[in-house]
Amino acid sequence: MGYSLGDVLKQQLKGLGANVSNLDTSGGAQQIEYIDIGLLDGDPRNRRDLRGLEELAANIELLGLRQPLRVRENPDAPGRFIIVSGHRRRAALQRLVDDGGAEFARVPCIRDNPAQSSAMQELRLIFDNLDTQPYSDAEKAKIAARVEELLYVLKEEGLEFPGRMRD
């Protein structure tokens, strides 16, 4: 009998609404802005494989980009952005640009709240990667342990969780 890592992690965040994409967005409507692909940097904490880029690039070329990237401002490089979600999409778009598809050089992005803590940023990165590729059981165990650590950090930062943290 298998289990879904997403379901396990969502259960851990149950009291937070279980929708990580809506955490810490300051309650306002999210706006899509177009950012030059050359200003988008990958998050060094993203360890997922960028497999299947040819197929993804072909899909984007045929149907267009169906989901914007999620980014945050790069505090170390003003005017640049770190990808929160969409590393594979950015790589596929870069292939299209490199092949002469200049229309793919301006990327639709949603900008995250710059005040997010590092723990919240990493938690969002983990959740955003859950559905992109399969994980081995060993990877699932490591991810679950890391999520637990991050939740404790968020609790120390003042984020309140209903019930007991142990649950």
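Residue positions are given per chain, counting from 1 as you read along its sequence in written order. In view of the model being predicted, local features appear only for residues whose pLDDT reaches at least 70, and side-chain atom pairs are presented and counted only at 80 or more, with totals across whole chains, interfaces and linings using the full set of residues. Only hydrogens and water are set aside; all other atoms, that is, all heavy atoms of the structure, feed into the side-chain values.

K.L.:
Describe the overall build of the protein, and please don't skip the residues or the numbers.
P.N.:
Helix and strand assignments come from DSSP, with helices taken as H or I runs of at least 4 residues and strands as E runs of at least 2, each series counted from the N terminus. Across its full length, the protein holds five helices and five strands. Three labels apply to residues, based on accessible area from a 1.4 Å probe with only protein chains included: buried if under 20% of the type maximum, exposed if over 50%, partly exposed otherwise in between. Taken over 167 residues, the protein has a buried fraction of 41%. Sequence separation of 24 or more characterises 78% of the internal contacts of the protein that already satisfy a separation of 6 or more. For the protein, the exposed area adds up to about 9900 Å²; of that, 49% sits on carbon and sulfur atoms. Residue contacts are defined here by distance: any two heavy atoms, one from each residue, within 4.5 Å place the two residues in contact. Note that accessible areas follow from Shrake-Rupley with a 1.4 Å probe, and for residues the cover is restricted to the protein chains shown.

K.L.:
Account for a negative patch on the surface, naming residues and giving values.
P.N.:
Taken together, the side chains of E61, D98, D99 and E103 define an acidic patch exposed on the protein surface. By the secondary structure assignment, D99 is in the loop between α3 (87-98) and β5 (106-111). Look at D99 and you get exposed, because its relative accessible area is 69%. Patch construction takes residues with relative accessible area above 30% that form no salt bridge. Like charges are linked within 9 Å, and nonpolar side chains (Val, Leu, Ile, Met, Phe, Trp, Tyr) are linked within 5 Å. When a carboxyl oxygen of Asp or Glu is within 4 Å of a side-chain nitrogen of Lys or Arg, the pair counts as a salt bridge. His is not counted here, nor are the chain ends, while Lys and Arg score as positive and Asp and Glu score as negative. All charge positions are set by atom: Lys at NZ, Arg at CZ, Asp at CG, Glu at CD.

K.L.:
Which residues make up the side chain of R90, and what are the values?
P.N.:
Tracing the backbone shows R90 in helix α3. Lacking a salt bridge, the buried R90 has D41 as its closest oppositely charged neighbour, with an N-O distance of 6.2 Å. With residues near it in sequence (within four places) discarded, R90 still touches I37, L40, L69 and I83.

K.L.:
Quick one: what's the story with the nonpolar core, residue by residue and with numbers?
P.N.:
Counting residues in each nonpolar core, the largest one holds 19 residues, and the members touching the most others are L40, I60, L69, V71, L93, V107 and C109. For this core, the secondary-structure elements that each account for two or more residues are α2 (53-63), β3 (69-73), β4 (81-85), α3 and β5. Contact partners of V107, with chain neighbours within four places excluded, come to E33, Y34, I35, I37, L40, L65, L69 and L93. Membership of the second largest hydrophobic core comes to 12 residues, among which are I126, L130, I143 and L151. Buried Ala, Val, Leu, Ile, Met, Phe, Trp, Tyr and Cys residues form a nonpolar core when they are joined through side-chain atoms within 4.5 Å.

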